[in-house]
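Fold and contact review
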Amino acid sequence: MKILAALSRFPWPLEKGDKLRAYYQLRDLSRHHEVHLICLNDQPVSDEDRKALHFCASVQVIHHPKSLVATNLLRSLFNRTPFQVNYFRSPKMFRAMQETIQAQAIDVVMVQLIRLGMNLPFMEVETSWFLDYMDCFSIGMAQRQAEAKGLRKWIVGMEASRLKAYEARIAARFDELGIISERDADGLPPVLREVVHILPNGVGDHFFEDLPTATPPRYDLIFFGNMGYHPNVQSARFLVEEVLPEVHQLGLRPKLCIAGARPAKVIQAYASEDIEVTGFVDDIRSYVRASRLSIAPVIGGQGLQNKLLESMAMGLPTLTTPLAHAAVDAEAGRELVVCPDARAFAREIKRLLEDAEAARTIGEAGRKFVEKHYRWEAMNQRLAQALELAAQS
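Described in the following lines is the structure provided in the data block. (Residues numbered from 1 in each chain as written. Predicted model: local features only at pLDDT ≥ 70, side-chain atom pairs only at ≥ 80, totals over all residues. Heavy atoms only, no water.)

1. Examining the layout of surface pockets
Within this model, the second largest pocket holds a volume of roughly 390 Å³. Residue lining of the second largest pocket: 20 residues in total, with Ser291, Arg292, Gly315, Leu316 and Pro317 positioned closest to the centre. Listing elements by their share of the lining of the second largest pocket, those giving two or more residues are helix 12 (284-289), strand 11 (291-296), helix 15 (342-354) and helix 16 (356-373). In terms of residues, the lining of the second largest pocket owes the most to one element, helix 16, which gives six residues. For the lining of the second largest pocket, a count of residues per class yields 10 nonpolar, four polar and six charged. (1 Å grid on protein atoms, 1.4 Å probe; cavity = no way out; pocket = protein on both sides within 12 Å on 5 of 7 lines; lining within 4 Å. Points joined across faces, edges and corners; volume = space filled by probe spheres on them. Helix = DSSP H or I, 4+ residues; strand = E, 2+ residues; numbered from the N terminus. Nonpolar A, V, L, I, M, F, W, Y, C, P; charged D, E, K, R; others polar.)

2. Observations concerning the pattern of salt bridges
Tallying each qualifying case throughout the model produces 23 salt bridges. Ionic pairing is found between glutamate 15 and arginine 262, a salt bridge with its closest N-O pair at 3.0 Å. Of this pair, glutamate 15 sits in the loop between strand 1 (2-7) and helix 1 (17-29) while arginine 262 sits in the loop between strand 9 (256-259) and helix 11 (265-268), and the two are 247 residues apart along the sequence. One salt bridge in this structure joins glutamate 48 and lysine 51, with 3.7 Å as the shortest N-O distance. Placement of both glutamate 48 and lysine 51 in helix 2 (residues 47-51) is noted, with a separation of three residues, approximately one turn of the helix. Per residue, the accessibility class of glutamate 48 equals that of lysine 51, and both read exposed. (Salt bridge = Lys/Arg side-chain N within 4 Å of Asp/Glu carboxyl O. Buried < 20%, exposed > 50% of the residue type's maximum accessible area, 1.4 Å probe, protein only.)

3. Structural notes on the sheet that holds strand 10 (residues 275-277)
Read from one edge of the open sheet, six strands run 10-9-8-11-12-13, paired in parallel fashion. Every interior strand has two partners, whereas the edge strands, strand 10 and strand 13 (337-338), have only one. (Pairing = 2+ DSSP bridges.)

4. Remarks on unusual backbone geometry
Glycine aside, negative phi is the norm for most residues, and most peptide bonds take the trans geometry. Omega for the bond connecting tryptophan 12 with proline 13 falls within 30 degrees of zero, at -5°, which places this linkage in the cis form. Its location among the elements puts proline 13 in the loop between strand 1 and helix 1. Unlike most non-glycine residues, leucine 113 shows phi in positive territory, near 80°. With respect to the helices, strands and loops of the structure, leucine 113 is situated in the loop between strand 4 (108-112) and strand 5 (128-132). The backbone phi angle of arginine 262 is positive, close to 50°, even though this residue is not glycine. Of the residues examined, arginine 262 reaches a relative accessible area of 45% and is grouped as partly exposed.

5. Brief notes about a nonpolar patch on the surface
Judged by side-chain polarity, Leu74, Leu77 and Phe78 come together as a nonpolar surface patch covering roughly 390 Å² of accessible area. Tracing the backbone shows leucine 74 in helix 3 (residues 66-75). (Patch = residues over 30% accessible without salt bridge, like charges linked within 9 Å, V, L, I, M, F, W, Y side chains within 5 Å. Areas by Shrake-Rupley, 256 points an atom, 1.4 Å probe, with all protein chains shown as cover.)

6. A look at helix 5 (residues 91-104)
Taking 1.5 Å of rise per residue, 14 residues should cover 20 Å, and helix 5 covers 20 Å from first to last C-alpha, within 8% of that figure. Residue alanine 105 follows helix 5 closely and has a positive phi angle near 50°. (Expected span 1.5 Å × (residues − 1).)

7. Thoughts on the pairing of strand 9
Neither face of strand 9 is open: one carries Leu256 and Ile258, the other Cys257 and Ala259, and all of them are buried. Note that strand 8 (residues 219-224) and strand 9 share four bridges and pair parallel. The residue of strand 9 that forms the bridge with leucine 221 is leucine 256. Between the parallel elements strand 8 and strand 9, the chain passes through helix 10 (residues 230-249) in a crossover that is right-handed. Bridge count for strand 9 against strand 10 is three bridges, and the pairing is parallel. Its bridge partner lying in strand 10, leucine 256 is registered against isoleucine 275. (Right-handed = clockwise from strand over helix to strand, strands pointing away.)

8. Digging into the packing of helix 15 against helix 16
Where helix 15 meets helix 16, the axes come as close as 5 Å, and the angle between the chain directions of the two elements is 105°. Here helix 15 lies roughly perpendicular to helix 16, going by the angle between them. Only Ala356, Ala358, Ala359 and Ile362 of helix 16 make contact with helix 15, whose side of the interface consists of Arg351, Leu352 and Glu354. Its residues assigned to classes, the contact of helix 15 with helix 16 shows five nonpolar, no polar and two charged. (Axes fitted to C-alpha atoms, helices over the stretch in contact; angles between N-to-C directions. Parallel < 35°, antiparallel > 145°, perpendicular 65-115°, else oblique. Contact = heavy atoms within 4.5 Å.)

9. Observations concerning helix 10
In a regular helix each residue adds 1.5 Å, so 20 residues correspond to 28 Å; helix 10 covers 28 Å between its end C-alpha atoms and thus fits that length. Of all bends in helix 10, the biggest is about 35°, found at valine 243, and the proline proline 245 comes one to four residues later. All of the buried residues along helix 10 are Pro231, Asn232, Val233, Gln234, Ser235, Ala236, Phe238, Leu239, Val240, Val243, Leu244 and Val247. At the exit of helix 10 stands glycine 251, carrying a positive phi of roughly 90°. (Bend = angle between axes of the 7 residues up to and from the residue.)

See the structure below:
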């Protein structure tokens, strides 16, 4: 097949979930198909970064300046399209896609996220279309509305309502649909829930490599991810402000590492003798290997948590919430530990820090589970089949 991938960001470096998902999808699809890429980016992309996408037949990066974003957001006041769909509106991307589809005789266009909805030349070209919702954004936005206040609560509520309507409306434009988890699929209208393909994230092979373990470990606990992303900020606050005090009540003073790009100011403020905030790191694996337990206290957001799969793949005992566990079909108590509240997290942290054998057993079981069920190659075989179905429509 000839596939055109449309992305809202250049998929490198891999510091965000949408970039990571897109990168591995394009890499694996390119092994058997001709893949072209068109994406937006608000910053210039270096030649070195472009080399990371060497497997693509062509790469077009469309500059998306802040001046256009400002105009687009103003436009949001006069239509009922979600703010983030307006945000990413780009006439240049629209034209580039139209020209590439025609020049390359594209069989199917793979669109990541509904936010590109205004850039797709549905009526101007003959081709097939596949949408990767990734997450059900309307659910995540509704969660944010619950904790917002004042004018912000009204704006977030408006966006949640717009997203829910748009997620349903735009589906009619596509031949096939994909989404990251069953939980996200449940947020779609029933008629879409019945036909959407469940396409989970995977784990890169390098997370299964046997790397040296720090002796002794530098950290007792690690929480990692994009630390500028609202659900991760929310989770880090829960960890530091609610879980750690419960741990202290049990007589422990664990060393915590919060690792990941773009830490919000509230996260940076946590830096202390007991808490290290790293910011962006070249290889998160070295920090995971230097830790005894991985904590993913996810209390908001949608999708499948990469941090969960990656720490499990590295054999680190991993603790998480029922919300994150719902997207991963691992056995609670054997392959990972599920904690419903701060006190349960504290009890399990104490147990696993004091019982090395129990921690090792859970870590090994978690690694075997991810290796069997969540390698990118297997996940992307499902994606290729969905794209073939779309191309045949």
